[in-house]
Amino acid sequence: MEQKLYYARDFGAVGDGITDDGPALSHAFREAAQNEGKLILDAGKTYNIQSAENSHAYFTSPFCAGSCRNFAVDGQGAVLSVRPGLSYLVLTDCSDFTVENLSFDLSDTVYYVGTVTEVNGCEVTFETDTPVRDEGCDFNGIGFTIRYNEGIQLRPHRFFREMIRLDDHHVRIGYRETSDYLPGDMVYLPAMHIGHMYGEPVYLAGNSGRVVLRNINLWQAPSFGCAIKGNSADITFDRFCFVPSPRYDHRVKMVGWRDGFHCKDNRGAIHWENCTVGVIFDDVFNISATLGEVTEVISPRKIAAVNQEFYRHQNRIVNYYGRTGDTIEIYHTEKDTYSGIAEITAMETDETGRSILTLDRDLPSVEAGCVIGNRSSCAPGSTVRNCSLTGTMRFRGSCTIEDTEFDLLRIWIMVEGDVEGPVPGDIRFRRCVFNSGSIEVWAYNRPKNRILSRLGSEIRGIVFEDCVMDTQFDMAVNVRLIDSRASG
């Protein structure tokens, strides 16, 4: 059966770039999504979004829905200019939908480019390339700045709490520690009340079926770009591009402060095709699964586990994200031990909120403090094809990357720290081009600055086939480099 068509103009959306079209688009999208319809915007128009009526979880956006199915949005090349604080696209627990032919932008910049004019201990004064309107902003200690001299992004980022406006083009920042910035340094600064201040503008969680996001530009993101979490759907990003906003003429360009695609706990494969991503500070991809932590070994085949992130960082007991039938591996990131792989045959929750996992085999070396990596929820079978990518990337689950060009800072194929896993494996690059940067393949205890050789030996199936590589390998495990052209 053909989808019923819904036209944004029929709900009062004007698309003149001035009128607040947020309520009209909220109503139009709600009707289409709830009735398995297709919303069509007017070609080439700019819709000003200053408010929205659709909310889900802690997000608000005109394009926000939960538990809907078989719907679509065709923007026909329209631009959505969105007020900071609102989200772009939020779809949770939905199934079988397509969103295409849209560009998302913010109505204000997410950053300034600053030049250091004065350094006084922890306080640094910057001249900004665009006007600063707000008088000041408390970033609650999570704000950070990035030095970018001569086109080279330099880590680490420097954390601060407060930014104060001195005049239209000068701000002063108080850092946590004495700054190593020097007069003349070029530095990215988060825009007050925007950069680092609220969540992901694109949020896809708990969706199923087939999901397609096609021919979409994301020009600015206040922190992460896309959060892709807990989906069982096969998700395709086709010509989904993170490129700098044409709205602002900054000295140097950037899209967002954190990951482009932060993909965690997905059971379906994720596919990127013909995508362009660049000028994001953090990872282009972070494809991973939330780690669990063993709190008690009840028997060789039965363990109690919790969500490690909440347990270690918030001292909270939250049940482990796993399911019966999942393939998991258990290891110790401090002791450099690897217990092995097992399947979960049964799960229950005890009175304290812990998950009780029954395994299909004995793992005698498991002990409290071990972590649990879930291979089944790390987007197995994902692909990256014919893309152009700039920045850093993290790969952990099985993935095939083909015919893609990387302008690298770094690729991490690593066991590293806590929160995210599993041990990387079955990752194959074919006919890719790597320009500069480095590729790191190892296990590493970052807080203790120690390579974990036993865990590193469990990183397997990392292959580079017929690739052009002007990059540095930094690895403690075997990687296969195949050149079939040489044998011909």
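Refer to the preceding data block for the structure.
Residues numbered from 1 in each chain as written. Predicted model: local features only at pLDDT ≥ 70, side-chain atom pairs only at ≥ 80, totals over all residues. Heavy atoms only, no water.

Enquirer: Sorry, what's going on with the overall build of the protein here?
Expert: Tallying secondary structure elements over the protein gives 4 helices and 41 strands in all. If one aligns the C-alpha atoms of the protein with their principal axes, the spans along those axes are about 65 × 65 × 60 Å. In the protein, buried positions account for 56% of the 488 residues. Within the protein, counting contacts between residues at least 6 apart in sequence, those at least 24 apart form 73% of the total. As displayed, the protein offers around 19500 Å² of accessible surface, 45% of which is attributable to carbon and sulfur atoms. Averaging the coordinates of the 48 positive side-chain charges in the protein and doing the same for the 67 negative ones gives two points 4 Å apart. (Helix = DSSP H or I, 4+ residues; strand = E, 2+ residues; numbered from the N terminus. Buried < 20%, exposed > 50% of the residue type's maximum accessible area, 1.4 Å probe, protein only. Contact = heavy atoms within 4.5 Å. Areas by Shrake-Rupley, 256 points an atom, 1.4 Å probe, with all protein chains shown as cover. Lys, Arg positive; Asp, Glu negative; His and termini not counted. Charge placed at Lys NZ, Arg CZ, Asp CG, Glu CD.)

Enquirer: Got a minute to help me understand the packing of aromatic side chains in this structure?
Expert: Each aromatic ring pair is described using two quantities: the centre-to-centre distance and the angle formed by the ring planes. Counting across every chain of the model gives 34 aromatic pairs. Centroid distance Phe59 to Tyr203: 4.5 Å. Interplanar angle 35°. Geometry classified as tilted. Of the two residues, Phe59 sits in strand β6 (residues 59-60) while Tyr203 sits in strand β17 (residues 202-205), which places them 144 residues apart along the sequence. This pair shows no difference in class: Phe59 is buried, exactly as Tyr203 is. Through successive ring pairs, a cluster of aromatic residues spans Phe237, Phe240, Phe242, Phe261, Trp272, Phe285, Phe395, Phe406, Phe429, Phe434, Phe464 and Phe473. Seen from the ring of Trp412, Arg394 lies directly overhead, with NZ or CZ sitting 4.2 Å from the centre. (Phe/Tyr/Trp six-rings, centres within 6.5 Å; stacked < 30°, edge-to-face > 60°. Lys NZ or Arg CZ within 6 Å of the ring centre and 35° of its normal.)

Enquirer: Can you help me understand the nonpolar core in this one?
Expert: With 121 residues, the main nonpolar core has Phe237, Trp272 and Phe429 as its most contacted residues. Broken down by element, the residue count for this core peaks at 6 residues, all from helix α1 (residues 22-34). The contacts of Trp272, once residues within four sequence positions are left out, are Phe237, Phe261, Cys263, Phe285, Ile287, Thr383, Val384, Arg385 and Cys387. Residues Ile328, Leu357, Val366 and Ile372 belong to the second largest nonpolar core, which totals 14 residues. (Core = buried A, V, L, I, M, F, W, Y, C linked by side-chain atoms within 4.5 Å.)

Enquirer: For this particular structure, what's the right way to read the sheet that holds strand β29 (residues 355-359)?
Expert: Sheet strands pair by backbone hydrogen bonding; their relative direction is either parallel or antiparallel. The antiparallel closed barrel is built from 6 strands, whose spatial order is β25-β26-β29-β28-β27-β30. The sheet shows a mean angle of 45° between the axes of neighbouring strands, direction not considered. By the bridge criterion, 6 bridges tie strand β27 (residues 327-332) to strand β28 (residues 337-349) in an arrangement that is antiparallel. Looking across to β28, one finds that Ile328 is bridged to Ala342. (Pairing = 2+ DSSP bridges. Axes fitted to C-alpha atoms, helices over the stretch in contact; angles between N-to-C directions.)

Enquirer: How do you make sense of the environment of Val116 when you look at a structure like this?
Expert: Along the chain, Val116 turns up in strand β11 (residues 111-120). Owing to a relative accessible area of 3%, Val116 belongs among the buried residues under this scheme. Sequence separation between Val116 and Met186 is 70 residues; the distance between their C-alpha atoms is 6.7 Å.

Enquirer: I'm lost on the pairing of strand β19 (residues 226-229) in this one. Help?
Expert: Taken residue by residue, a regular strand's side chains alternate between the two faces of the sheet. In terms of strand pairing, β17 meets β19 through 4 bridges, oriented parallel. Counted as the bridge partner of Leu204 is Ile228 from β19. Strand direction decides the pairing type here: β19 and strand β21 (residues 261-264), joined by 4 bridges, are parallel. Along β21, the bridge assignment pairs Cys226 with Phe261.

Enquirer: Just to check I follow, could you spell out empty space enclosed by the protein for this structure?
Expert: Think of a ball as big as a water molecule: rolled over the atoms, this probe shows where empty space is left. Counted according to the given criterion, the structure contains 1 cavity of 30 Å³ or more. Taken as a whole, the largest cavity holds about 40 Å³ of empty space. Surrounding the largest cavity, Tyr111, Gln220, Pro244, Ser245, Tyr248, His250, Lys253 and Met254 form its lining. In terms of residue class, the lining of the largest cavity is made up of 4 nonpolar, 3 polar and 1 charged. (1 Å grid on protein atoms, 1.4 Å probe; cavity = no way out; pocket = protein on both sides within 12 Å on 5 of 7 lines; lining within 4 Å. Points joined across faces, edges and corners; volume = space filled by probe spheres on them. Nonpolar A, V, L, I, M, F, W, Y, C, P; charged D, E, K, R; others polar.)

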